[in-house]
There are 2 protein chains.
Amino acid sequence: MKFSYSNPTQIFFGQGQISAITRALDPQAKVLVIYGGGSIKKNGVYDQVASALKGFDWVEFSGVEPNPTKETLDKAVLIVKQQQINFILAVGGGSVIDGSKYVAAAAQYEGDGWDILTGKHQVNSATPLGAVLTLPATGSESNSGAVITKAETQDKLAFLSPYVQPKFAVMDPDVMKTLPEKQLLNGIVDAWVHVCEQYITRPTGAMVQDAYAEALLKTLKKLGERFADRDSDEWRANLMWAANQALNGLIGSGVPQDWATHMIGHELTALWHVDHARSLAIVQPSLLRNQIEFKRAKLEQMGREVFALQGDEQLAERTINAIEAFYHSMGVATQLTEHGDDKEAAIDAVISQLNNHGMVALTENQSVTPTEVKQILTAAIA
Amino acid sequence: MKFSYSNPTQIFFGQGQISAITRALDPQAKVLVIYGGGSIKKNGVYDQVASALKGFDWVEFSGVEPNPTKETLDKAVLIVKQQQINFILAVGGGSVIDGSKYVAAAAQYEGDGWDILTGKHQVNSATPLGAVLTLPATGSESNSGAVITKAETQDKLAFLSPYVQPKFAVMDPDVMKTLPEKQLLNGIVDAWVHVCEQYITRPTGAMVQDAYAEALLKTLKKLGERFADRDSDEWRANLMWAANQALNGLIGSGVPQDWATHMIGHELTALWHVDHARSLAIVQPSLLRNQIEFKRAKLEQMGREVFALQGDEQLAERTINAIEAFYHSMGVATQLTEHGDDKEAAIDAVISQLNNHGMVALTENQSVTPTEVKQILTAAIA
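Rules behind the numbers
- Residues numbered from 1 in each chain as written.
- Chains lettered and ligands numbered in written order.
- Predicted model: local features only at pLDDT ≥ 70, side-chain atom pairs only at ≥ 80, totals over all residues.
- Heavy atoms only, no water.
- Domains from an automatic or database assignment.
- Contact = heavy atoms within 4.5 Å.
- Buried area = accessible area lost by both parts, 1.4 Å probe.
- Salt bridge = Lys/Arg side-chain N within 4 Å of Asp/Glu carboxyl O.
- Helix = DSSP H or I, 4+ residues; strand = E, 2+ residues; numbered from the N terminus.
- Patch = residues over 30% accessible without salt bridge, like charges linked within 9 Å, V, L, I, M, F, W, Y side chains within 5 Å.
- Areas by Shrake-Rupley, 256 points an atom, 1.4 Å probe, with all protein chains shown as cover.
- Lys, Arg positive; Asp, Glu negative; His and termini not counted.
- Charge placed at Lys NZ, Arg CZ, Asp CG, Glu CD.
- Polar contact = N/O pair within 3.5 Å; in protein donor to acceptor, adjacent residues only side chain to side chain.
- Least-squares fit on C-alpha atoms with pLDDT ≥ 70 in both.
- Pairing = 2+ DSSP bridges.
- Axes fitted to C-alpha atoms, helices over the stretch in contact; angles between N-to-C directions.
- pLDDT = per-residue confidence, 0-100.
- Buried < 20%, exposed > 50% of the residue type's maximum accessible area, 1.4 Å probe, protein only.
- Phe/Tyr/Trp six-rings, centres within 6.5 Å; stacked < 30°, edge-to-face > 60°.
- Lys NZ or Arg CZ within 6 Å of the ring centre and 35° of its normal.
- Parallel < 35°, antiparallel > 145°, perpendicular 65-115°, else oblique.

*Asks:* So what's going on with the domain arrangement of chain A? Residues and values would help.
*Replies:* Residue and element names in this part refer to chain A. When its domains are assigned, chain A resolves into domain 1 (10-175) and domain 2 (181-380). The partner domain 2 presents 23 residues to the 24 residues of domain 1 that form the contact. Between domain 1 and domain 2 the total buried area reaches about 2000 Å² when both faces are included, carbon and sulfur atoms providing 60% of it. Among the residues of domain 1 in contact with domain 2, Pro136, Gln154 and Lys156 are the three that bury the most area, contributing 29% of the side total. Viewed at the interface, domain 2 and domain 1 are joined by 0 salt bridges.

In structure tokens form, the structure reads like this:
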């Protein structure tokens, strides 16, 4: 077990914390506020942010879409460059925050921002940014990753850089009050799979990382089971904090990570606009069944610790069934139905896109090749 | 649940990481290396640090004692002031790192450093410091707290300041190879009680904080049970990481904290030089029994989640018994025997010292007053 870890993001968690922006910002900052489709104007978050920014020099950029596109974000890059913006405030969910990270990095680069996603350009500076989270799910508010889509080619790729880690993250659970049920469910599933990607690997003996992962999985499971309580302050605060912890680098420190479910899921989203979380629920059970021999020991551990399953017989298999049942209990489907009539063509399209992105040997074992992807999708596509 | 949290310390964890000091330091730094009684010269850590510091301008200060004293540390403060030191590297366990934090803060203050402990001076700057951990227990390597003793008056007090949080912490489990058994056991107990102080309070509904605390307690319990494995890389790495997580601010974010066991335990250490961890094991079971009605719900939860106790009957009482049995299983006593012949005088001495330090209403409920301290110590002192 060898790793380097730090998480310098200053968290402001709790009701009323949007006002903390005022003291978190340099009074001299020239701020670009980036947000999405305008829901923050309806639920009062925009007004709270504007109030916290009173006296600051700020402009805004709206219209960042779910699965944010390079094409849209490049317009914000131009604003940062032309208007001498020196701080970016992302107000939104994972898409807005991811998109703002792209803007922050691309604004300090002369070439095409997409080079950051392809790896042609290694990020070596970024406009500093902060985040006001409005949708708990991705953990983007306090990590260094972002996923960006190029609409033109339906490419959906990720990049990581410490330069784009938010300086601060405001997490006020009250912003969840107006979220539709579906987005809360997606948040649970997204955070759940984030934990799984860092946990259901080969066993490592890393007791704290394992037990933390199990702590988060048990918390998310209870939140799903107590979905009827979703209008309580307690439920909201717990989901917001659990989703943050699921992908802030801590539970993945020093242990192998898989991420194959995400890589395949990204293609389903890029091709058929499946919600990100739902793409994960579609891919994961089939992938786990396909890779069960690599993951048997950890699935058995998960079965005992998270689902309190008894006995040794077919324990890994029963754990996968329990994961699937958990999704179904929340009304989340585990088969793709958005792909049109031709199943074979759909599978080929995914494999072709994975090939285009150089993703031909996924999981920490490089054991999911196009052959396995075909097997996985044959089971995962209706 | 409302809190601010960040932990900016850069962790370098794993075998061979002492060499990371070289890249963590500014090449222009003038470094004071602070260490303890010289065990690092025998176990090779000093040589590894010296090798990592090759080419840097550095001097050293040794002789920081367990339960570090202001009197010793003030000599290091003088060195920092007189030799224009601009970085402090603490190489040791909690005592050396705590002591280095005092040096870092006192060196930027014109008055008597003890003012920092009494609260007369509020720390507003400190010489930056880093830590090379040699004894996992206190978590001091990545938090902002320190406990310092004034030998002259047998006062043992704590201070907290973000300015003294280490910039980096090197955690190489190999440094534990030469630790005596007793120090490893103390590390388990110290970390265990750190978690308990942030967990065995009133119930809060903070699911992640609770489940993380339970994750650490279960890990520490297993490490105690598997003490025979203490010479394995895996055991060492797990204790080192668990002890760090037990007091890095994370599990205590947004939840009530107790710390009465520590406050009373500090007086036992100041008066009779009881090891810090052992003072905690002496105080805690009696304190929990005394405060059981405030803590019943959380003790019941701990009984189920950490000790897998069944049934509801006397569950909180059985949990306290299980905690005590855990200490005994490691050969750690839960009664004080170092106080001489006069038990009444010993109790009075502790109460008098607590009074001197203004600690007359401890726990998050202020429910441990001198009356309760007397009851607790009557049970805790042989």
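We are not done yet, so read on.
*Asks:* How would you explain the environment of Ala191(A) if you had to name every residue and give the values?
*Replies:* Residue and element names in this part refer to chain A. The topology assignment puts Ala191 in helix H7 (residues 181-199). Separated by 56 residues in the primary sequence, Ala191 and Leu247 place their C-alpha atoms 7.5 Å from one another. Excluding its chain neighbours within four sequence positions, the residues that come into contact with Ala191 are Ala137, Leu220, Ala243 and Ala246.

*Asks:* How would you explain a negative patch on the surface if you had to name every residue and give the values?
*Replies:* Taken together, the side chains of Asp341(A), Asp342(A), Glu344(A) and Asp348(A) define an acidic patch exposed on the protein surface. Examined against the element boundaries, Asp341(A) turns out to sit in the loop between helix H13 (315-329) and helix H14 (343-356).

*Asks:* An account of the interface of chain B and chain A is requested, with residue identities and associated values reported.
*Replies:* Contacts between chain B and chain A engage 41 residues on the former and 41 residues on the latter. Regarding the contact of chain B and chain A, the summed buried area is about 3300 Å², with carbon and sulfur atoms giving 58% of it. The largest contributions to the chain B side of the interface with chain A come from Met207(B), Tyr212(B) and Trp241(B), which together make up 20% of the buried area. Our count for the chain B to chain A interface comes out at 0 salt bridges. The interface formed by chain B and chain A includes 16 residue pairs in polar contact (both at pLDDT 80 or more).

*Asks:* Before we move on, could you go through the relation of the copies chain B and chain A and cite the residues and values that matter?
*Replies:* Turning chain B through 180° and shifting it by 0.0 Å along the axis lays it on chain A, with an RMSD of 0.0 Å. As the rotation angle and translation indicate, the two copies are arranged about a two-fold axis. When each C-alpha of chain B is compared by its distance to the rotation axis, Pro8(B) comes out closest, at 2.1 Å. Both copies contact each other with a shared surface, as 100% of the interface residues of chain B are interface residues in chain A too.

*Asks:* Explain the sheet that holds strand S2 (residues 30-34) of chain B to me, using residue names and the numbers behind them.
*Replies:* With mixed pairing, 12 strands are arranged side by side in an open sheet as S3(A)-S2(A)-S4(A)-S5(A)-S8(A)-S1(A)-S1(B)-S8(B)-S5(B)-S4(B)-S2(B)-S3(B). Each edge of the sheet is formed by a strand with only one pairing partner; in this case those strands are strand S3 (57-61) of chain A together with strand S3 (57-61) of chain B. Direction aside, neighbouring strands of the sheet carry axes that sit 25° apart on average. Both strand S1 (residues 3-13) of chain A and strand S1 (residues 3-13) of chain B contribute to a ladder of 7 bridges, which runs antiparallel. Bridge pairing in S1(B) links Asn7(A) to Asn7(B).

*Asks:* A description of the confidence of the model for chain A should follow, citing residues and the corresponding values.
*Replies:* Scored by pLDDT, chain A has a mean of 97; 100% of the residues are at 70 or more. Across the interfaces of the predicted complex, the ipTM metric reaches 0.97, alongside a pTM of 0.97.

*Asks:* Go over the pattern of salt bridges, please, and point to the residues and values.
*Replies:* For the structure shown, the criterion picks out 32 salt bridges over all chains. In this structure, Glu293(A) and Arg296(A) form a salt bridge, with 2.9 Å as the shortest nitrogen-oxygen distance. Remark: Arg296(A) and Glu293(A) occur in helix H12 (residues 292-305); sequence separation between them is 3 residues, near one turn of the helix. Under the relative-accessibility criterion, Glu293(A) is labelled exposed at 56%. A residue is classified by how much of its surface remains accessible, and Arg296(A), at 22% relative accessible area, is partly exposed. In this structure, the salt-bridge partner of Lys70(B) is Asp112(B), at a minimum N-O distance of 2.9 Å. Taken together, the positions of Lys70(B) in helix H4 (residues 70-82) and Asp112(B) in the loop between helix H5 (94-106) and helix H6 (114-118) put the pair 42 residues apart, joining distant regions of the chain. One salt-bridge network, held together by shared partners, links Lys70(A), Asp74(A) and Asp112(A).

*Asks:* Now, about the packing of aromatic side chains: what can you tell me, with residues and values included?
*Replies:* All names here are of chain A. Under the definition given, this model contains 23 aromatic pairs over all chains. Consider the rings of Phe13 and Trp241, whose centres lie 5.5 Å apart with planes at 70°: the pair is edge-to-face. Taken as a pair, Phe13 in strand S1 and Trp241 in helix H9 (residues 233-246) lie far apart in primary sequence, 228 residues in all. When sorted by exposure, Phe13 lands in the same class as Trp241, which is buried. Three or more aromatic residues joined by ring pairs make a cluster, and in this case those are Trp192, Phe307, Phe326 and Tyr327. The ring of Tyr46 carries Lys41 above its face, with NZ or CZ at 4.5 Å from the centroid.

*Asks:* How would you sum up the packing of H7(A) against H12(A)? Please name residues and give values.
*Replies:* All names here are of chain A. The geometry of H7 relative to H12 is characterised by a closest axis approach of 11 Å and an angle of 135° between their N-to-C directions. Relative to H12, H7 is oriented oblique. Contacts between H7 and H12 involve Trp192, Cys196 and Tyr199 on the former and, on the latter, Lys298, Gln301 and Met302.

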